[in-house]
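# Residue-level structure breakdown
This is what each chain is made of:
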Amino acid sequence: MSLRLRLFLSGSALAVFALPAFSALASSSYVPDFVNLPETAGIYSVPGNSRLKLRVFVHEPGRANPAKPIPSPTPAPTLNCTLTDPDSASVVGLTGWSLPAGEWTYRLNPSSNPSLAAALPEIAENSFSAWTASYSSDLGDSVSFRQVSDTTAVRATYDGQNIIAWGRTSGSALAVTYTWYYPDIGLAVETDTIFNKKFPWSWSGGSTQCAYQGVYDAQEILVHELGHWFGLDDEYTSEFVDNTMFGYGSTGEVKKNTPASGDFSALNSLY
Ligand SMILES: [Zn+2]
């Protein structure tokens, strides 16, 4: 698809779907010290660039499954292999951007989560592939993703690098994703995801049936966060409970490893 056509479609999607969500969120400015970015969900003005906006997504645990910090001593998690992966046709909302056509590079911070360091490249690759490899998604035809050299950053910063790292996030947030984007042309320019190192993380190898109990599956949560990178919004009502873009995370769960048909429907309207 040509860039011009993509821009047109992005603009159309912005006008049709995203404006109500924008008006529902307060827009305010953050202090431009490029260290202390906001950790409250919302849309923020970026000082010094009147066209650019920052959208912050905060992934919270559901009320029925509150997050607990890592216990000490840490018990060995047990693997539950009786899980199911129900589909959902509920179409999730759009954020008002897509990723520009071409190559989108990302950096990992393996040292920020030593127990998952060796697996992190595969976790990330699986998570991108969950969205790009589907027969129903054209995302992989328009945007390619390439891991480049690791980062040591543990905070989101507007620095031209798209990072995935564990760090300190406020309160009970499981992960916070930051996207800098231009609403007028409907394109993202940078995306960072920071997982909260306060909570227990594990990885079930990308399974859709098996998850370690009492811990968050890194791939499952990353697939959700990447949905934001691509331009998909959070949904919080019960009809979306089986969508990857359901806004609450749970321990012992992997069904979001594979986006639901309603997640792909939204993606396919962008790419
Ligand atoms: Zn989210």
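These numbers were taken from a predicted model, which means no experiment stands behind them.

Turning to the environment of Thr191, a few remarks are in order. Among the secondary structure elements, Thr191 is positioned in strand β9 (residues 187-196). With 35 residues separating them along the chain, Thr191 and Ala156 place their C-alpha atoms 8.5 Å apart. Beyond its immediate chain neighbours, meaning those up to four positions away, Thr191 contacts Trp104, Gln161, Asn162, Ile163, Tyr178, Thr179 and Trp229.

This part is about helix α5 (residues 261-268). Listed in full, the buried residues belonging to α5 are Gly262, Asp263, Phe264, Ala266 and Leu267. Buried residues along α5 sit in contact with α2 (120-132), α3 (139-142) and α4 (218-230).

Counting 47 residues, the largest nonpolar core has Trp131, Phe145, Trp201, Phe230 and Leu232 as its most contacted members. Among residues more than four places away in sequence, those in contact with Phe230 are Trp97, Ser98, Leu99, Phe128, Trp131, Leu139, Phe145, Leu267, Leu270 and Tyr271. Of all hydrophobic cores here, the second largest spans 16 residues; its members include Val46, Leu54, Ala173 and Tyr178.

It is worth spelling out the side chain of His228 at this point. Locating His228 in the fold gives a position in helix α4. Among the polar contacts made by the side chain of His228, one reaches the side chain of Asp234 at a distance of 3.1 Å.

As used in these notes, a disulfide is a covalent bond between sulfur atoms, one from each of two cysteines. With the rule as written, the count across this model stands at one disulfide. Here Cys81 is linked by a disulfide to Cys210, with a sulfur-sulfur distance of 2.0 Å. Since a negative S-S torsion denotes a left-handed disulfide, the Cys81-Cys210 link at about 115 degrees is right-handed. Residue Cys81 is located in the loop between β4 (79-80) and β5 (102-108), and its partner Cys210 is located in the loop between β10 (201-202) and β11 (211-212); the two are separated by 129 residues in the primary sequence. Classification of Cys81 as partly exposed rests on a relative accessible area of 41%.

So, on to α2. In a regular helix each residue adds 1.5 Å, so 13 residues correspond to 18 Å; α2 covers 18 Å between its end C-alpha atoms and thus fits that length. Taken as a whole, α2 has its buried residues at Leu120, Ile123, Ala124, Ser127, Phe128, Ala130 and Trp131. The buried residues of α2 occupy an angular sector of 150 degrees when projected down its axis, which confines them to one face. Where the residues of α2 are buried, they touch β5, α3, β6 (143-147), β7 (163-167), α4 and α5.

Our next topic: the pairing of β5. Here β5 runs beside β6; their pairing, made up of five bridges, is parallel. Within β6, the position partnered with Trp104 by the bridge is Phe145.

This part takes up the pairing of β9. Among the ten residues that make up β9, nine are buried, leaving the element largely enclosed by the rest of the structure. Where β7 lies against β9, four bridges are found, and the strand directions are parallel. Its bridge partner being in β9, Ala165 is matched across the sheet by Ile194. With antiparallel pairing between neighbouring strands as the criterion, strand β8 (residues 175-182) and β9 make up a hairpin whose turn holds four residues, including Gly186 at a positive phi of roughly 70 degrees.

What counts as what
Residues numbered from 1 in each chain as written. Predicted model: local features only at pLDDT ≥ 70, side-chain atom pairs only at ≥ 80, totals over all residues. Heavy atoms only, no water. Helix = DSSP H or I, 4+ residues; strand = E, 2+ residues; numbered from the N terminus. Contact = heavy atoms within 4.5 Å. Buried < 20%, exposed > 50% of the residue type's maximum accessible area, 1.4 Å probe, protein only. Core = buried A, V, L, I, M, F, W, Y, C linked by side-chain atoms within 4.5 Å. Polar contact = N/O pair within 3.5 Å; in protein donor to acceptor, adjacent residues only side chain to side chain. Disulfide = S-S within 2.5 Å. Expected span 1.5 Å × (residues − 1). Arc of directions from axis to C-beta. Pairing = 2+ DSSP bridges.

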